[in-house]
Amino acid sequence: VWLLDKNVVRRTIEGIGASLTAVPLTTEQSLAVGLLMRGKQVKASLCIVPETANILSRRRSALAIRLFLAEVSVMRQGRYFKRWARRLREHGFAREDARMLSYGTFGLDPMGLVLGASALITFDRPFIHNFSAHHAMLLRRLGAMTVQLPPPYHDARLPAVSTPGELLQVLETK
Amino acid sequence: LEVNDEQETTESVVDHVFEEVVVLTAPVATPLYVRRLAQVLRRLTPAEISQLVQLVPELERARSPWVIEEEREAIAYFRRAALEMTGGTLPSPQDEFIEGLTYEAYFALPEEKQDALWERIFAEEETGPYDLEEHDAQPGARVAARQERRSQDD
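Basis of the calculations
- Every chain is numbered on its own, with residues counted from 1 as its sequence reads.
- Written order determines the labels here, with chains lettered from A and ligands numbered from 1.
- Per-residue local features are limited, in this predicted model, to residues with pLDDT of at least 70; the limit for side-chain atom pairs, both in listing and counting, is 80 or more; totals at the level of whole chains, interfaces and linings are taken over all residues.
- Computation of side-chain values covers all heavy atoms of the structure but excludes hydrogens and water.
- Numbering of helices and strands starts at the N terminus; helices are DSSP runs of H or I of at least 4 residues and strands are runs of E of at least 2.
- It is over C-alpha atoms that the radius of gyration is taken, and the globule rule equals 2.2 Å times the number of residues to the power 0.38.
- Burial classes follow relative accessibility: with a 1.4 Å probe on protein chains only, a residue under 20% of its type's maximum area counts as buried, one over 50% as exposed, and anything between as partly exposed.
- The contact criterion used is simple: two residues touch if any of their non-hydrogen atoms lie within 4.5 Å.
- Defined here as a combined quantity, buried area equals the accessible surface (1.4 Å probe) lost by two parts on assembly, summed across both.
- In what follows, salt bridge is the name for a side-chain nitrogen of Lys or Arg lying within 4 Å of a carboxyl oxygen of Asp or Glu.
- Under the rule applied, a polar contact is a pair of N or O atoms within 3.5 Å (in protein, one hydrogen donor and one hydrogen acceptor; residues adjacent in sequence only if both atoms are side-chain atoms).
- Classification used: nonpolar for Ala, Val, Leu, Ile, Met, Phe, Trp, Tyr, Cys and Pro, charged for Asp, Glu, Lys and Arg, polar for all others including Gly.
- For two strands to be treated as a pair, DSSP must find no fewer than two bridges joining them.
- Lines are fitted to the C-alpha atoms to define the axes, a helix being fitted only along its stretch in contact, and any angle between axes, read from their N-to-C directions, falls within 0 to 180 degrees.
- Here roughly perpendicular refers to angles of 65 to 115 degrees, roughly parallel to angles under 35, roughly antiparallel to angles over 145, and oblique to all remaining angles.
- Note: the arc covers the axis-to-C-beta directions of the helix.

All right, on to the overall build of chain A then. Helix and strand counts for chain A stand at 9 helices and 8 strands. Taking 2.2 N^0.38 as the reference for a compact globule, 174 residues should give roughly 16 Å; the C-alpha atoms of chain A span a radius of gyration of 16 Å, in line with that estimate. Each principal axis of the C-alpha atoms in chain A carries an extent, and together these give about 55 × 30 × 30 Å. Expressed as a percentage of the 174 residues in chain A, the buried residues total 66%. For chain A, long-range pairs separated by at least 24 residues make up 75% of all intrachain contacts whose partners lie at least 6 apart in sequence.

Counting residues at the interface gives 88 residues for chain A, matched by 61 residues for chain B. Per-residue buried area on chain A facing chain B is highest for R10, R59 and R157 of chain A; these three make up 10% of the total on that side. Joining chain A to chain B, the criterion identifies 8 salt bridges. E124 of chain B is the partner of R58 of chain A in a salt bridge, and the nearest nitrogen-oxygen pair spans 2.7 Å. Remark: the boundary between chain A and chain B carries 30 residue pairs in polar contact (both at pLDDT 80 or more). No other element matches the 12 residues that helix α2 (residues 27-41) of chain A contributes to the side of chain A that touches chain B. Residues that form the side of chain A that touches chain B fall into these classes: 43 nonpolar, 22 polar and 23 charged. Here strand β4 (residues 76-78) of chain A runs beside strand β3 (residues 134-135) of chain B; their pairing, made up of 2 bridges, is parallel. Counterpart to G78 of chain A in the pairing with β3 of chain B is H135 of chain B.

Quick look at the packing of helix α1 (residues 6-20) of chain A against α2 of chain A now. Helix packing geometry: the angle between the two helix axes and the distance between the axes. Residue and element names in this part refer to chain A. At a minimum axis separation of 8 Å, α1 and α2 run at an interaxial angle of 95°. As summarised for this structure, α1 and α2 are arranged roughly perpendicular, according to the angle between their axes. Contacts between α1 and α2 involve V8, R11, T12, E14, G15, I16 and A18 from the former and E28, Q29, A32, V33 and L36 from the latter. Along the lines of polarity and charge, the residues of the contact of α1 with α2 split into 6 nonpolar, 3 polar and 3 charged.

All names here are of chain A. Within helix α5 (residues 81-90) the residues assigned to the buried category are F81, W84, A85 and L88. Projection of α5 onto a plane perpendicular to its axis shows the buried side chains occupying an angular sector of 100°, all on one side. Facing away from the buried side of α5 by over 90 degrees, the exposed positions are R86 and E90.

Take a look at the structure:
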């Protein structure tokens, strides 16, 4: 499961629009659409959060958005999503970053069969640096919270947080 | 920025990067603004190049032979998907792309205006058909992430 943040969503939609009208893609647009293609090849489940899906669903008349929505699933909030988001906020994460990380940890796929995401994909480098800087502390805090939860929440993990370029690089070197 | 045409080391580093990019993009004429940017970059020291790559990590990946191929595949895929979705018509640059803007108008906007437009879009009300309530996992649900197990001893 790869969870796309709103900036990756934006660049992917722009990349689709540019592709349809033969406009040269920028590096970020190219990485975003490349990631989507690679995800299809490796059968990754590409997800967005319901907040983003709600905003995009009002714009279904736009062809690029319809094409994008056809390629992604919409996560749902799993049990303990809000509690973990609150804890992340206490550790200095912005509201939106805390919610994205919480979807990556306690989000559910549409069928409720998969908890969290293996990777949260973003172009937001300050967010990535903040996550890396607090990683050990977040692991401890998550461990303290999940130790008393029932399965599958007991086994909840933090997602990896990376840029599309970093994830593609990892996939190419495997 | 100090300009020194005799900086062979700097030039060779920059040449190395751009020669590969130029080879990869050979079928497409290099736009004037790219050639101008290359002229500026040729004047950077290796340390400055390193700083630039830190600021724009995509530059490293741009040397990768997979990049252009992935992009070509993606372009072809979405053009096919669009033809299927519309019954055989690709949009023209004068068709609407988003928020009442045509493709042509949107892609002609300066980056900061595109940023402002998307900020407005994503600042909208987040409720809608997809609910924002918590749900229970199905029995037997698995965990997606395969990161290291958190340690209680940390």
